[in-house]
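The residues making up each chain are set out below.
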Amino acid sequence: MCGIVGYAGPQRASELLFAGLRTLEYRGYDSAGVATAAANGSISIQKRAGKLDNLQMALPLLPTDAIAGIAHTRWATHGEASDANAHPHSDESGGIALVHNGIIENFSELKRELEAAGHHFSSTTDTEVLVHLIESAYQGDLRAAIFAVLPRLRGQWAIAVMHKDEPGRIVAARKEAPLVIGIGDGEQFVASDPIAIAAHTRRIVFLRDGEVADLTKSGAQLFAADGSEVPLRIEEVTTSASTNEKGEYTHFMQKEMAEQPQSLRAAMLGRVTDGTVRIEELDAISANIAGIRSIEFVACGSAYNASLAAAALAERLFGIPARSSVASEFRYDPPALGPTTLVIAISQSGETADTLGAVRAARNASAPVIAIVNSEGSTLTRSADAVVLLRAGVEVSVAATKSFTSQALTALLIVLDLARRAGHLSASDAAGWSKELLEIPEMASSALTASEGMRAIAARFYGSEGFMFTSRGEGFATALEGALKLKELSYLHAEGIPAGEMKHGPISLLGPKHPVVAVVLNSHTLQKLVSNLMEARARLSPVIAVVSGVDEAGEFADETIMIPAARPEIAALIASIPLQRFAYEMALCAGASVDQPKNLAKSVTVE
Ligand code: G6P
């Protein structure tokens, strides 16, 4: 992953770049660094392991009269999180500074070759080979050197590079990792995400794979992979970093959980009206709908969990195979794909490398692709036939909360609209759905209130050996998401097991120190689930249940959080809200970093 920002112009580069890094911390926070170039070409670098605050203390050590600079925030792939492995990287003479997001897959062989030729490495990163390769290829023109090096690389990259002999110039390149340039007046920018430079310019060029950008303060040029110059495709973006305020909350996660009534309402605005579901953005693929023979959801992490209930609904309504796949598996071992396979990719960031890889596999097979995305202007929005935005607003906390519920809801809306268009959903069924869908924001509010009870439950069960999350049917996706939230936030072991599977092995973990967290919905498998919970209690496991539409929960649970009654697909979505709160409270008990859990990043742009 990692975040990159670069600047050529008259403003104080180190401070501008540092402010940009703040907005990119969601891409990783293992280390950070800034390199600045003076008018005489000399390059100064400050970099520190750990979060950005560590780097901030070193900023005064950088010159104040720099004419350009590049900066980086890292999510470690190759090499531990240390000062030496932090970017920017440099060659032995200090003449080059380079930042990189991605992985150079053939770095070992390149490193062996470079070491044999006398280069000395000062880090254990894959990235450092780039610096030495550019140093070897450099003959007075940084862009030419980069073009000479790129064909030797395997992997993914977004890079920004400066050379001491060309003061004020930044050359950037991308392949399968996001990179934009920002066009200013007498100043130019480069960044992983427009948000990093939104305070200075909204005039953005999204680089395409293989392209190279060449910037100085007075202008920017763009080159295709074959070296020919291509016109700047300037787009005006509306991205703003200004919504990134915690307000009255201690953590962004708290704020984002609380925003769910609004974010869920926003997802439905203009889409659920007049007793039906109609998503205008799907008109773009209306010609494909009648011919669809299978539906494949692809996503990673929480977005994958968000797809499961929609896939089950699609299969039921359409009567054709529909399923969800983890994108990292799908991209290399896809199912049979073709023009009659509808692929629906879900991603908050729109930059997840595996999800983008799965979409490429689908498009190569001529499968129509719908993208469900939160981040406007992200790569995924430019890779699909139809794009349905979540409208959840910026999500800062690494753990997905409001984006998860909006993804689950939007996926359901898409399935309902497609089924209606294909003649698989009657007008009266559509009306029944819409009526209940419109109640979701209210249900989310009441689930937030009920979630208050999770504080005491977390205090009671913090210190348990592990947690088994369980349910059946639609509730199972919620159980998986609940387990994922708990793991990522509190570093406790948790897993999601379908209730009927517990007896086939996982039950041996159960006992007084291993609670079961159950999602209990009023569905046709309710009695079966209750029996499984009784089996857990017979092994003395405490049962914590989030319950919708079922009375007398005290008969099968030790602790209950009651949420509104609704059909299982909707109740499952609402049930995730108390489980988010459970994970949040457990993270507080653990003293963990709520918004930036260790080892994670919000946008995962490596495989
Ligand atoms: C990372 C995040 C997860 C997220 C996943 C997919 O692992 O930490 O919270 O679910 O990426 O992200 P996406 O942006 O594709 O939804």
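Everything below is about the structure shown above.
Residues numbered from 1 in each chain as written. Predicted model: local features only at pLDDT ≥ 70, side-chain atom pairs only at ≥ 80, totals over all residues. Heavy atoms only, no water.

**Comments concerning the environment of S508**
Moving on, step 1. Here S508 shows up in the loop between β24 (494-498) and β25 (516-520).
Moving on, step 2. For the pair S508 and F252, spaced 256 residues apart in sequence, the C-alpha to C-alpha distance is 38 Å.
Moving on, step 3. Here the side chain of S508 touches G505 through a polar contact of 2.8 Å, landing on its backbone oxygen. (Helix = DSSP H or I, 4+ residues; strand = E, 2+ residues; numbered from the N terminus. Polar contact = N/O pair within 3.5 Å; in protein donor to acceptor, adjacent residues only side chain to side chain.)

**Some remarks on the sheet that holds strand β23 (residues 467-471)**
Moving on, step 1. The strand order across the open sheet formed by five strands is β24-β23-β25-β26-β27, and the pairing between neighbours is parallel. Two strands lie at the open edges of the sheet, namely β24 and β27 (559-563), each paired on one side alone. Direction aside, the axes of adjacent strands within the sheet are offset by 20° on average.
Moving on, step 2. In the sheet, strand β26 (residues 543-548) pairs with β27 via five bridges, with the strands oriented parallel. (Pairing = 2+ DSSP bridges. Axes fitted to C-alpha atoms, helices over the stretch in contact; angles between N-to-C directions.)

**What about the pairing of strand β6 (residues 96-104)?**
Moving on, step 1. Counted residue by residue, β6 has nine buried out of nine residues, so it is predominantly covered.
Moving on, step 2. Pairing geometry for strand β5 (residues 89-90) and β6, over two bridges, is antiparallel. Bridged to H89 within β6 is L98.
Moving on, step 3. Connecting β5 to the antiparallel partner β6 that follows it, the hairpin turn spans five residues, and G94 within it adopts a positive phi of roughly 75°.
Moving on, step 4. Taken together, the nine bridges between β6 and strand β7 (residues 155-163) define a ladder with antiparallel strand orientation. Residue pairing across strands places I104 opposite G155, the latter belonging to β7. (Buried < 20%, exposed > 50% of the residue type's maximum accessible area, 1.4 Å probe, protein only.)

**What about the nonpolar core?**
Moving on, step 1. One finds I295, I370, L418, L437, F467, F469 and F582 to be the most contacted residues of the largest nonpolar core, which totals 92 residues.
Moving on, step 2. Among the elements that take part in this core, helix α18 (residues 568-590) stands out by supplying 13 residues, more than any other.
Moving on, step 3. Excluding residues within four positions of it along the chain, L418 makes contact with L282, I285, I289, F318, L342, I344 and I370. (Core = buried A, V, L, I, M, F, W, Y, C linked by side-chain atoms within 4.5 Å. Contact = heavy atoms within 4.5 Å.)

**Quick notes on the packing of aromatic side chains**
Moving on, step 1. Enumeration according to the criterion identifies two aromatic pairs in this entry.
Moving on, step 2. Between Y7 and F189, the ring centres sit 5.2 Å apart and the planes meet at 45°, which makes this aromatic pair tilted. Here F189 lies in strand β10 (residues 188-191) and Y7 lies in strand β1 (residues 3-8), a separation of 182 residues in the sequence. The same class applies to Y7 and to F189, which are both buried. (Phe/Tyr/Trp six-rings, centres within 6.5 Å; stacked < 30°, edge-to-face > 60°.)

**Considering unusual backbone geometry**
Moving on, step 1. Each neighbour pair has its own omega, and for H87 with P88 the value is 0°, a cis peptide bond.
Moving on, step 2. Of note in this structure, N599 is not a glycine but carries a positive phi near 70°.
Moving on, step 3. Its location among the elements puts N599 in the segment after α18.

**Structural notes on the packing of helix α14 (residues 440-451) against α18**
When two helices pack together, their arrangement is given by the angle between the helix axes and the distance between those axes.
Moving on, step 1. Interaxial distance between α14 and α18 falls to 9 Å at its minimum, and their mutual angle equals 30°. With respect to each other, α14 and α18 are oriented roughly parallel. For the crossing formed where α14 meets α18, the hand is right-handed. Contacts from I440, M443, A444, A447, L448 and S451 in α14 reach I570, I574, I577, P578 and R581 in α18.
Moving on, step 2. The residue inventory of the contact of α14 with α18, partitioned by class, reads nine nonpolar, one polar and one charged. (Parallel < 35°, antiparallel > 145°, perpendicular 65-115°, else oblique. Left-handed = near helix turned anticlockwise from the far one by under 90°. Nonpolar A, V, L, I, M, F, W, Y, C, P; charged D, E, K, R; others polar.)

**Brief notes about the site of the ligand**
Moving on, step 1. As a structural note, the neighbourhood of the ligand is formed by 14 residues, with S302, S347, Q348, S349 and T352 the closest of them.
Moving on, step 2. Here an oxygen atom of the ligand and a backbone polar atom of S302 are 2.9 Å apart.
Moving on, step 3. A distance of 2.7 Å separates an oxygen atom of the ligand from a polar atom in the backbone of Q348.
Moving on, step 4. In the complex, the protein chains occlude 89% of the 380 Å² of accessible area that the ligand would expose alone.
Moving on, step 5. Within the shell around the ligand, the residues separate by chemical class into six nonpolar, seven polar and one charged. (Near = heavy atom within 4 Å. Areas by Shrake-Rupley, 256 points an atom, 1.4 Å probe, with all protein chains shown as cover.)

**Thoughts on the packing of helix α15 (residues 454-461) against α18**
Moving on, step 1. Here α15 crosses α18 at 50°, and the two axes come no closer than 9 Å. One element, α15, and the other, α18, form an angle in the oblique class. The two elements α15 and α18 cross, and the hand of that crossing is right-handed. Within the contact between the two elements, α15 uses M454, R455, I457, A458, A459 and F461 and α18 uses P578, L579, R581, F582, E585, M586 and C589.

**Comments concerning helix α13 (residues 427-437)**
Moving on, step 1. Residues of α13 that are buried: A430, W433, S434, E436 and L437. Down the axis of α13, the smallest arc covering the buried residues is 165°, so these residues share one side. Among the exposed residues of α13, those pointing more than 90 degrees away from its buried face are A427, S428 and K435. (Arc of directions from axis to C-beta.)

**A closer look at the pairing of strand β18 (residues 294-299)**
Moving on, step 1. The buried count for β18 comes to six of six residues, which makes it a mostly enclosed element.
Moving on, step 2. By the alternation rule, side chains of β18 split into S294, E296 and V298 and I295, F297 and A299, which are all buried.
Moving on, step 3. Across five bridges, the pairing between β18 and strand β20 (residues 341-347) is parallel. Opposite I295, over in β20, you have L342 as the bridge partner.
Moving on, step 4. As defined by bridge partners, β18 adjoins strand β19 (residues 322-326) across five bridges and the pair is classed as parallel. The partner of V298 across the bridge, within β19, is S325.
Moving on, step 5. Handedness of the β18-helix α9 (residues 301-318)-β19 crossover: right-handed. (Right-handed = clockwise from strand over helix to strand, strands pointing away.)

**Some points on the sheet that holds β20**
Moving on, step 1. Ordered in space as β19-β18-β20-β21-β22, the five strands form an open sheet in which the pairing is parallel. Each of the sheet's edge strands pairs with one partner strand only, and the pair in question is β19 and β22 (386-389). Averaged over all adjacent pairs, the angle separating strand axes in this sheet is 20°, with direction ignored.
Moving on, step 2. In terms of strand pairing, β20 meets strand β21 (residues 369-373) through five bridges, oriented parallel. Considered in β21, the bridge of V343 is made with V369.
Moving on, step 3. Packed on one face of the sheet, helix α11 (residues 353-364) meets β18, β20 and β21 and runs near 165° to β20.
Moving on, step 4. Packing of helix α12 (residues 402-421) onto the sheet brings it into contact with β18, β20, β21 and β22, and relative to β20 it is tilted by some 160°.

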